[in-house]
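Here's the letter readout for the chains.
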Amino acid sequence: MSRTTAVLGPTGSAERALAPDLARGFMLLFIALANTVWYLWAAPSTGTTMHPEPEGALDSAAQFFTVMAVDMRSYPMFAFLFGYGMVQLARRQQAAGSDVRSVNALLRRRNLWLLVFGFFHALLLWMGDILGAYGLAGLVLGWLFFRRKDVTLLVWGGVLTGLMALLAAVSLLALPFVSDTGTEAPAGFDLSQAAANIGDPSFLSAALLRVMTWPLVVVGQGLLGLAVPTAILLGFWAARRGFLEEPGRHLKALRWTAVVGISVGWLGGLPMALAQTGAWDLTATQGQMLTMPHMLTGVFCGVGYVALIALVAHRLQERGRTRGPVVTALSATGKRSLSAYLAQSVLCAPILAAWGLGLAEHMSSWTMFLYAIAVWLVTVAAAYALERSGRRGPAEVLLRKLAYRKPSGAVGAAGAPESAGSPGTSGAAGQGVPEGAHQERTTP
C-alpha cells in the first residue's frame, strides 16, 4: 500500500529568512566580477591567473581587489549556501508530510536537472558553468553524507580542509625551489586554454570547445577541487542549527566566523594579488604554486562572507529596515539567483566574446570591472521588478516544474514567490520552514 506524500509549494515571503537571500543577492556581484575577467580574450593572461598584465593604476587596483577578495572566494560561499539549502528544502518537505524516500528522490531530481541546465548553459554561453558542478556535488555528497550524524560532517569537513592545507603547505615549501625562469606557464597549466572558446570567432567552434571543457569544470570544481565539497558539508552542518534563520541565537559564532574567515581569506589572497600586479616578482610556474593556498583560504573567506551578511541581516531585522528598496532589491535577486546567474551570461557572452559583438577586445581590467558591476545592477533591477509584480524567476519556475512531481492531494502555495537558491540551487538555500521546524535534526 503506497503512501501519498505531500509536496510543499514555494516558500512565501513571510516564511523566508532574510540572510540567505541577502547573501546570494549581494554575492552575485562577486560572481560577475570573477567571471567577466575571462572575457578579456584579446589581452593574453599572465599564466598565473586569467587576469592580463595590468596597464596602469586602475587596472592594478581592479585586479588587486578581485584576486584578493573575489577569486576563489565567491564559489565556496555559494557552495555553503547550496548545502545549507539542501537541508532546508528537505526539512520543509518532511514538515509537509513527505517521507524520507520522497525527499531524497526530490533532491536527486533537482541535482540531476542542474546538470542538464549546466550542460546547456555551457553549450550556448559559458564554459565556466557552476550549475553542473553543484549538481554533481549535490548528488555525490547527498548520497554519502546527507543523512549522516553531525560529527561525521565535521570530521569529513576537517579531513578535506586538512588535505587542502597539506597541499598548500607543500606548494609553499616548494616555491623557492621552482627553477624555471620563463614568463610563460607550462602548457599543462595555462588557464587561457580553457578560455580559448571566448576568442574563437565561430559560434559553432566555440560551442564545441565549451562542451569539451565543461566536464572538466564539473568534476574539477564539483569534487576534485575540494573547496566546494568542503563548503557544502559545512552548509549541511550549519543548516541543522539554523544559523541563518535565527542569527540572533548565534551572534558570537557568527562574529568570530566573519572576522576570522574574512581575515584569513584576504590575507591568503594577498600573495597572489601581489604577484598578479607585479609587486612580487614570480615566474608563471611559481605563481601557480600559490593556487592551493589561495583556494584553501577562499573557503574560510566564503564562509566568513556568509556570516558577515547574516549579521547584517540580523541588524536590519532588529531595526525593522528589511523593507527598504535596497534590501528588497538585493533579497529579490537572491530569491531569483538562478535566473540572475544565467542572465549574467546572457549579458556577457554575446556582447563580449569574439563570436558575438567582441566588445571585450577594446576593454581592460578596470573597464571590465565596471562592466561586471553594471551587469549585476541590471539583474538586481530586473529581480526587483519581478518582486514588485509578484512573479518568480523564469529559471526557478522551469526547474521547479521539472524537478517536482506533485501527487494527488499535494500541498501547494499557489502564487507565492519561488524560493531561489544560490546559482545551482534554485530554491534550496533560502527555503523558509514552518515555525519550530528548524529545531529538528536530520541526523539518524
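Residues numbered from 1 in each chain as written. Predicted model: local features only at pLDDT ≥ 70, side-chain atom pairs only at ≥ 80, totals over all residues. Heavy atoms only, no water.

Novice: Explain the overall build of the protein here, please?
Specialist: Of the regular secondary structure elements, the protein holds 15 helices and zero strands. Of the contacts made within the protein by residues no fewer than 6 positions apart, 84% connect residues no fewer than 24 positions apart. When the accessible surface of the protein is split by element, carbon and sulfur atoms take 67% of a total near 18400 Å². (Helix = DSSP H or I, 4+ residues; strand = E, 2+ residues; numbered from the N terminus. Contact = heavy atoms within 4.5 Å. Areas by Shrake-Rupley, 256 points an atom, 1.4 Å probe, with all protein chains shown as cover.)

Novice: I'm lost on the nonpolar core in this one. Help?
Specialist: Side chains of a nonpolar character, in soluble globular proteins, are inclined to be buried together. Counting residues in hydrophobic clusters, the biggest one holds 105 residues, and the most contacted among them are Tyr39 and Phe236. Counting residues per element, this core draws most heavily on helix H11 (residues 291-319), at 14 residues. What Phe236 contacts, discounting residues up to four positions off in sequence, is Gly83, Tyr84, Met86, Val87, Leu141, Phe145, Phe146 and Leu153. Of all hydrophobic cores here, the second largest spans nine residues; its members include Val67, Met68, Met272 and Ala273. (Core = buried A, V, L, I, M, F, W, Y, C linked by side-chain atoms within 4.5 Å. Buried < 20%, exposed > 50% of the residue type's maximum accessible area, 1.4 Å probe, protein only.)

Novice: Looking at this structure, how should I read the UniProt feature "transmembrane region" (unreviewed entry) in the protein?
Specialist: The sites that carry the UniProt feature "transmembrane region" (unreviewed entry) are, in the present numbering, residues 21-41, 130-146, 153-178, 212-236, 256-275, 295-313, 340-360 and 366-386. The span residues 130-146 carries 88% helix and 0% strand; its end-to-end C-alpha distance comes to 21 Å. For residues 340-360, the end-to-end C-alpha separation is 21 Å, with 62% helix and 0% strand making up the annotated structure. (UniProt positions renumbered as here; feature names shortened; annotations may be inferred.)

Novice: Even after reading the chapter, I still don't get the pattern of salt bridges, so can you show me in this structure?
Specialist: Opposite charge on two side chains permits pairing when their charged atoms draw close. All told, the structure shown has seven salt bridges when counted by the stated rule. Across the pair Asp150 and Arg240 runs a salt bridge whose closest N-O atoms are separated by 2.6 Å. Placement of Asp150 in helix H6 (residues 150-174) and of Arg240 in the loop between helix H8 (227-239) and helix H9 (251-276) is noted, with a sequence separation of 90 residues between them. The residues Asp150 and Arg240 share a single accessibility class, namely buried. Residues Arg249 and Glu246 are paired through a salt bridge, measuring 3.0 Å at the closest nitrogen-oxygen approach. By sharing partners, the salt bridges in this structure join Asp150, Arg240 and Arg241 into a single network. (Salt bridge = Lys/Arg side-chain N within 4 Å of Asp/Glu carboxyl O.)

Novice: Before we go on, may I ask you to explain the packing of aromatic side chains in this structure?
Specialist: Given two aromatic rings, one states the distance between the centres and the angle between the planes to describe the pair. Evaluation of the coordinates by the stated rule reveals 14 aromatic pairs. Seen in terms of ring centroids, Phe80 and Tyr84 are 6.2 Å apart; in terms of plane orientation they differ by 40°. Their pairing is tilted. With a gap of four residues between them, Phe80 and Tyr84 both fall in helix H3 (residues 74-95), about one helical turn apart. Relative accessible area serves as the criterion here: at 7%, Phe80 is assigned to the buried category. Taking relative accessible area as the criterion, Tyr84 reaches 0% and is therefore assigned buried. Between Phe119 and Trp214, the aromatic rings sit 5.8 Å apart at their centres with planes inclined by 75°, giving edge-to-face as the arrangement. Placement of Phe119 in helix H4 (residues 100-124) and of Trp214 in helix H7 (residues 203-224) is noted, with a sequence separation of 95 residues between them. (Phe/Tyr/Trp six-rings, centres within 6.5 Å; stacked < 30°, edge-to-face > 60°.)

Novice: What is the right way to look at a nonpolar patch on the surface in this model?
Specialist: A cluster of nonpolar residues, Val116, Phe119, Phe120, Leu124, Phe203 and Leu204, forms a patch on the protein surface that exposes about 540 Å² of accessible area. Contributions of two or more residues to the nonpolar patch are made by H4 and H7. Sort the elements by how many residues they give to the nonpolar patch and H4 lands first, with four residues. Its location among the elements puts Phe203 in helix H7. Assessed through its relative accessible area of 34%, Phe203 is described here as partly exposed. (Patch = residues over 30% accessible without salt bridge, like charges linked within 9 Å, V, L, I, M, F, W, Y side chains within 5 Å.)

Novice: Before we go on, may I ask you to explain H11 in this structure?
Specialist: Since there are 3.6 residues in each turn of an α-helix, residues three or four apart along the chain are aligned in direction. Across its 29 residues, H11 extends 42 Å between first and last C-alpha, which sits within 8% of the 42 Å expected from 1.5 Å per residue. Where burial is concerned, most of H11 is hidden: 21 out of the 29 residues are buried. Looking one or two residues beyond H11, the residue adopting positive phi is Gly320, at roughly 70°. (Expected span 1.5 Å × (residues − 1).)

Novice: How should I be thinking about unusual backbone geometry in this particular structure?
Specialist: The phi angle of most residues is negative, glycine excepted, and most peptide bonds adopt the trans form. Phi at Met72 takes a positive value of approximately 60°, unusual for a residue other than glycine. Within the fold, Met72 resides in the loop between helix H2 (57-69) and H3. For Met72, a relative accessible area of 33% translates into the label partly exposed. Residues other than glycine seldom take positive phi values, yet Leu226 does so here, at roughly 70°. As for its position among the elements, Leu226 is in the loop between H7 and H8.

Novice: Where do I start with helix H13 (residues 337-352) in this structure?
Specialist: For H13, built from 16 residues, the straight-helix expectation of 22 Å at 1.5 Å per residue is met to within 8% by its first-to-last C-alpha distance of 22 Å. Burial in H13 covers these residues: Ser337, Leu338, Ser339, Ala340, Tyr341, Gln344, Ser345, Cys348, Ala349 and Leu352.

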